[in-house]
Amino acid sequence: MAEITAASVKELRERTGAGMMDCKKALSENHGEMEASVDWLRTKGLAAAAKKAGRTAAEGLVGVAVDGTRGSVVEVNSETDFVAKNEQFQGFVAEVSKLALTTGNDIDALGASSFSTGGTVAEALTHNIATIGENQSLRRAARLDVSEGAVVSYVHNAAAPNMGKIGVLVALEGSAPVETLNALGKQLAMHIAAANPLALDAADLDPALVERERAIAIEKAKDSGKPANIIEKMVEGGLAKFRKENALLSQLFVIDGKTPIADVVAAAAREAGAPITLKAFERFQLGEGIEKPTSDFAAEVAATAGIKKPDPVA
């Protein structure tokens, strides 16, 4: 059986919002496996919403750039938040964001692009590492395009113009005035930053993610002791709610809390007297999906002082 440590209990508690004893039991029941323990707590109704599992786990900046009907977003990581405040680092992120308007999602092509100070983007990054004295990486990039309309950007927690902790792009296709598209796009981008949709519509949701939710819903329903036909309805109802809450077009607009995003777009189109289609979106949150190593500062101090490290949580 895997060792259950205080650090793993703490991590699970932070990710799920469940109590300490529940987290210890979840880890024990699942042989110390973190993701299985998260699911176990959720089936028992002991975990908070799964969105906490996407906590920021790395530093750096997300940068955005827009040029009319196209926009790009990039993530450049660093070891500490201090680097994100460095002008040299910010200048690098700003230029790379604009270069991604051409290279799109291809990180290798972006790294091979010419940089303003000479050489390639990859070489400029190596120079930054040498001069700033901290490891950095060009992690990912994305681009959105429309044939007619506008791509609108938004940055949350901006550290400098067009860069911060969360970067969003919204692609609106249609013949409505640019002013209308920009205003609508900005509101939608702010909604996306706050609500974190997983897909544009329900059909685009990751099938594996939906099946994981189904498994959790089934386990929850079984505990109710209700007949099989009722359990089936409970499971389908739970999945319908999951799809509605995680697909952008069916989410309720954060500004009024009652209007589906699809209706917000339709209303803007009627008012403009021209068609508007929400074609796509991108949302980059700094460090999402990256596991950041944690150090046990108390244990390090104890070791230095010659004090025995406390035993793992039983």
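Each remark here, short or long, concerns the structure printed above.
The paragraphs below set out a description of the structure included in this document. Keep in mind the model is a prediction, meaning the values are calculated, not measured.

## Section: the packing of aromatic side chains
Summed over all chains, the structure comprises one aromatic pair. Judged by centre distance (5.5 Å) and plane angle (35°), the ring pair of F92 and F115 falls under tilted. With F92 in helix α5 (residues 87-103) and F115 in the loop between α6 (107-111) and α7 (121-132), the pair connects residues that are 23 residues apart, well separated along the chain. The same class applies to F92 and to F115, which are both buried. For the cation-ring pair, R140 lies above F284, with the distance from its terminal atom to the ring centre recorded as 4.0 Å.

## Looking at the nonpolar core
Of all hydrophobic cores here, the largest spans 25 residues; its most connected members are V170, L172, L188, I276 and L278. Top element by residues in this core is helix α8 (residues 178-195). It accounts for six residues. Filtering out sequence-adjacent residues up to four positions away, V170 remains in contact with L144, A150, V151, V152, G185, L188, A189, I192, L278 and A280. Counting residues in hydrophobic clusters, the runner-up holds 19 residues, among them V74, F89, L110 and L125.

## As for helix α1 (residues 6-16)
Side chains that are three or four residues apart share a direction in an α-helix, a result of its 3.6 residues per turn. Those residues of α1 that sit buried are S8, V9, L12, R15 and T16. Buried residues along α1 cover an arc of 130° about the axis, so they all sit on one side. Two residues or fewer past α1, G17 is found with a positive phi of approximately 80°.

## As for the layout of surface pockets
The volume enclosed by the second largest pocket comes to roughly 160 Å³. Every residue along the wall of the second largest pocket is listed here: T180, A183, L184, Q187, V264, A267, A268, E271 and A272. Ranked by residues supplied to the lining of the second largest pocket, first place goes to helix α11 (residues 261-272) with five residues. Its residues assigned to classes, the lining of the second largest pocket comprises six nonpolar, two polar and one charged.

## Re α11
Its 12 residues give α11 an end-to-end C-alpha distance of 17 Å, which sits within 8% of 16 Å, the value for a rise of 1.5 Å per residue. Buried residues along α11 sit in contact with α8 and β6 (276-285). Positive backbone phi, at 70°, marks G273, one or two positions downstream of α11.

Definitions and cut-offs
Residues numbered from 1 in each chain as written. Predicted model: local features only at pLDDT ≥ 70, side-chain atom pairs only at ≥ 80, totals over all residues. Heavy atoms only, no water. Phe/Tyr/Trp six-rings, centres within 6.5 Å; stacked < 30°, edge-to-face > 60°. Helix = DSSP H or I, 4+ residues; strand = E, 2+ residues; numbered from the N terminus. Buried < 20%, exposed > 50% of the residue type's maximum accessible area, 1.4 Å probe, protein only. Lys NZ or Arg CZ within 6 Å of the ring centre and 35° of its normal. Core = buried A, V, L, I, M, F, W, Y, C linked by side-chain atoms within 4.5 Å. Contact = heavy atoms within 4.5 Å. Arc of directions from axis to C-beta. 1 Å grid on protein atoms, 1.4 Å probe; cavity = no way out; pocket = protein on both sides within 12 Å on 5 of 7 lines; lining within 4 Å. Points joined across faces, edges and corners; volume = space filled by probe spheres on them. Nonpolar A, V, L, I, M, F, W, Y, C, P; charged D, E, K, R; others polar. Expected span 1.5 Å × (residues − 1).

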